[in-house]
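Single-letter residue listing:
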Amino acid sequence: MGAGVPGRGPAAEPVRRGGPARRGRRAAGALAGHAPARPGARSVGVFGTGEQARLQVRWLAMPRPVGRVLVHGRDERRAAAFCDHLAGHGLSAAPAPAAEAAGADIVVTATPAVAPVLDGDAVRPGAHLTAVGADMPHKNELPPALFARAGVIATDDHEQCLHHGDLAHAVRAGAVPPDADVPLGTLLLTPPDRTGTAVTIADLTGVGALDAAVASAVVRELPR
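Residues numbered from 1 in each chain as written. Predicted model: local features only at pLDDT ≥ 70, side-chain atom pairs only at ≥ 80, totals over all residues. Heavy atoms only, no water.

1. Remarks on the overall build of the protein chain
- Counting its secondary structure elements, the protein chain contains 10 helices and 8 strands.
- Residue burial in the protein chain is summarised as follows: out of 224 residues, 50% are buried.
- Sequence separation of 24 or more characterises 76% of the internal contacts of the protein chain that already satisfy a separation of 6 or more. (Helix = DSSP H or I, 4+ residues; strand = E, 2+ residues; numbered from the N terminus. Buried < 20%, exposed > 50% of the residue type's maximum accessible area, 1.4 Å probe, protein only. Contact = heavy atoms within 4.5 Å.)

2. Some words on the packing of helix α3 (residues 51-60) against helix α4 (residues 76-87)
- Contact geometry of α3 with α4 gives a least axis separation of 11 Å together with a crossing angle of 30 degrees. α3 and α4 meet at a crossing whose hand is right-handed. In this structure, α3 contributes Ala53, Arg54, Val57 and Arg58 to the contact, and α4 contributes Phe82, His85 and Leu86.
- Here the contact of α3 with α4 is built from residues that sort into 4 nonpolar, 1 polar and 2 charged. (Axes fitted to C-alpha atoms, helices over the stretch in contact; angles between N-to-C directions. Left-handed = near helix turned anticlockwise from the far one by under 90°. Nonpolar A, V, L, I, M, F, W, Y, C, P; charged D, E, K, R; others polar.)

3. Quick notes on the pattern of salt bridges
- Evaluated as defined, the whole model comprises 2 salt bridges.
- Arg124 is the salt-bridge partner of Asp105, the closest N and O atoms lying 2.9 Å from each other. Here Asp105 is found in the loop between α5 (98-102) and β4 (106-109), whereas its partner Arg124 is found in the loop between β4 and β5 (128-131), with 19 residues between them in sequence.
- Owing to a relative accessible area of 38%, Arg124 belongs among the partly exposed residues under this scheme.
- The partner of Lys139 in a salt bridge is Asp135, with the nearest N and O atoms 2.9 Å apart.
- Since its relative accessible area comes to 14%, Lys139 is described here as buried.
- Overall, Asp135 belongs to the partly exposed group, its relative accessible area being 30%. (Salt bridge = Lys/Arg side-chain N within 4 Å of Asp/Glu carboxyl O.)

4. Here we look at the side chain of Glu141
- Mapped onto the elements, Glu141 comes out in the loop between β5 and α6 (144-147).
- In terms of polar contacts, Glu141 uses its side chain to reach the backbone amide nitrogen of Thr111, at 2.6 Å. (Polar contact = N/O pair within 3.5 Å; in protein donor to acceptor, adjacent residues only side chain to side chain.)

5. So, α4
- For α4, built from 12 residues, the straight-helix expectation of 16 Å at 1.5 Å per residue is met to within 8% by its first-to-last C-alpha distance of 17 Å.
- Every buried residue belonging to α4 is among Ala79, Phe82, Cys83 and Leu86, and all of these are buried. Around the axis of α4, the buried residues are gathered within 95 degrees of arc, so they sit on the same side. The exposed residues of α4 that point more than 90 degrees off its buried face are Arg77 and Asp84. (Expected span 1.5 Å × (residues − 1). Arc of directions from axis to C-beta.)

6. Comments concerning the layout of surface pockets
- Roughly 350 Å³ of volume is contained in the largest pocket.
- Forming the walls of the largest pocket are 17 residues, and the residues nearest its centre are Gly48, Thr49, Arg74, Thr111 and Pro112.
- With 3 residues, α3 is the single largest residue contributor to the lining of the largest pocket.
- The residue makeup of the lining of the largest pocket, split by class, is 6 nonpolar, 7 polar and 4 charged. (1 Å grid on protein atoms, 1.4 Å probe; cavity = no way out; pocket = protein on both sides within 12 Å on 5 of 7 lines; lining within 4 Å. Points joined across faces, edges and corners; volume = space filled by probe spheres on them.)

7. With respect to α3
- A large share of α3 lies buried, amounting to 7 of its 10 residues.
- Those residues of α3 not exposed but buried are Ala53, Leu55, Gln56, Val57, Arg58, Trp59 and Leu60.

8. A short note on the environment of Arg124
- Along the backbone, Arg124 and Ala104 are 20 residues apart, and their C-alpha atoms lie at a distance of 7.3 Å.
- Not counting residues within four places of it along the chain, the set of residues in contact with Arg124 comprises Ala102, Gly103, Ala104, Asp105, Arg149 and Val199.
- From its side chain, Arg124 meets the backbone oxygen of Gly103 in a polar contact 2.6 Å long.

9. Observations concerning the pairing of β4
- Burial along β4 is two-sided: the face carrying Ile106 and Val108 and the face carrying Val107 and Thr109 are both buried.
- In this sheet, β4 lies alongside strand β1 (residues 44-47) in parallel orientation, the contact comprising 4 bridges. Its bridge partner being in β4, Val46 is matched across the sheet by Val108.
- With 4 bridges connecting them, β4 and β5 associate as parallel partners. (Pairing = 2+ DSSP bridges.)

This is the structure in structure tokens:
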């Protein structure tokens, strides 16, 4: 981890707050957003203004420098409050329309949406997307066609994501075959070659055992 990673004082509180699965899901999402992204990726687009979205951005800023954060939410007041929250943690953020947020280097979706929250055409070549909101079969954050542009699709649990992740919607739409994904752990250990223009996608549905293990690994990496 870089020098900017919080230590074991109050700044590390997001690691410890909540149960093991909730802590780990945040850790898994942040690492899944960092590892496959291009080294020079700085801008972040976030869809959602709840706790999960806030912590995904804060965790993402631990292992890598984060520039402008573009926040898209349905409620303007909540989006403004979200930006104020991030500003309190040293991050520059501003409310943004969906197309602008979708055009960031790294895109995080953390919503309860039942239909795609962004237009796939707005996603720039070489971008990375982490989707954490589709934890039930009827939920859907990413357009299925976007998966056809992906050079790498990582999932935290293959069978679970085929049942109720964004990958499930892409497979049912015929955008990708059922075996198009790789395990998240593989992606974290061996980040993909990012010389091309294909996007990368991490579809996380929340696997308690894996998430807790990831959280434990992050805690061990934090400087004392």
